[in-house]
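A look at the structure
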Amino acid sequence: QVQLVESGGALVQPGGSLRLSCANSEITFSLYDMGWYRQAPGKQRELVALITKDMNTNYADAVKGRFTISRDNAKNTVYLQMDSLKFEDTAVYFCYARFNTVLAYWGQGTQVTVSS
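Keep in mind the model is a prediction, meaning the values are calculated, not measured. (Residues numbered from 1 in each chain as written. Predicted model: local features only at pLDDT ≥ 70, side-chain atom pairs only at ≥ 80, totals over all residues. Heavy atoms only, no water.)

Here we look at the state of the cysteines
Rules: When the sulfur atoms of two cysteines come within 2.5 Å, that pair is taken as a disulfide. Under the DSSP-based scheme used, a helix requires at least four consecutive residues in state H or I and a strand at least two consecutive residues in state E, with every element numbered from the N terminus. Only protein chains enter the calculation, and the probe is 1.4 Å; a residue is then buried if its accessible area is under 20% of its type maximum, exposed if over 50%, and partly exposed in between.
With the rule as written, the count across this model stands at 1 disulfide. Across a sulfur-sulfur distance of 2.0 Å, Cys22 and Cys95 are joined as a disulfide pair. Looking along the S-S bond of the Cys22-Cys95 disulfide, the torsion reads about -85 degrees, which is the left-handed sense. Here Cys22 is found in strand β3 (residues 18–23), whereas its partner Cys95 is found in strand β9 (residues 91–100), with 73 residues between them in sequence. For the pair formed by Cys22 and Cys95, the shared burial category is buried.

What about the nonpolar core?
So the rule is basically this: Take the buried Ala, Val, Leu, Ile, Met, Phe, Trp, Tyr and Cys residues and link them wherever side-chain atoms come within 4.5 Å; each set so joined is a nonpolar core.
Core analysis: the largest hydrophobic core is formed by 31 residues, its most contacted members being Leu4, Met34, Trp36, Val78, Leu80 and Tyr93. Among the elements that line this core, the one with the most residues is β9, at 4 residues.

Remarks on the pattern of salt bridges
Applicable threshold: When a carboxyl oxygen of Asp or Glu is within 4 Å of a side-chain nitrogen of Lys or Arg, the pair counts as a salt bridge.
Under the criterion given, the structure shown has 5 salt bridges. Between Arg38 and Asp89 there is a salt bridge; the shortest N-O distance is 2.9 Å. Taken together, the positions of Arg38 in strand β4 (residues 33–39) and Asp89 in the loop between β8 (77–82) and β9 put the pair 51 residues apart, joining distant regions of the chain. For the pair Arg38 and Asp89, a shared accessibility class is recorded, and that class is buried. Shared partners join several salt bridges into a network, and the residues in it are Arg38, Glu46, Arg66 and Asp89.

Put into structure tokens, the structure is as follows:
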């Protein structure tokens, strides 16, 4: 019933940048660990980046050094800054909010396409 709302997905050329945003008015993000997942055609959904409510971050090896996850709790928003984009980054990106192991929410996904 609670669905996070992502925005910022687009068609971008290799080497370009995008910033994805995730927001929701029904839950208080400061109480949640937040993350970004992605799913490419024919592949499993994979974790891209996490940022905990304590501001610790974790990144998938494939995006480390290129992507940055951040949060603005005052705006109830989480971001994924994506730089030096590659063809392999093409996927639907999903926002994720986790209160605990049994309570979590997802967004609908936003399409990121990296193509020349």
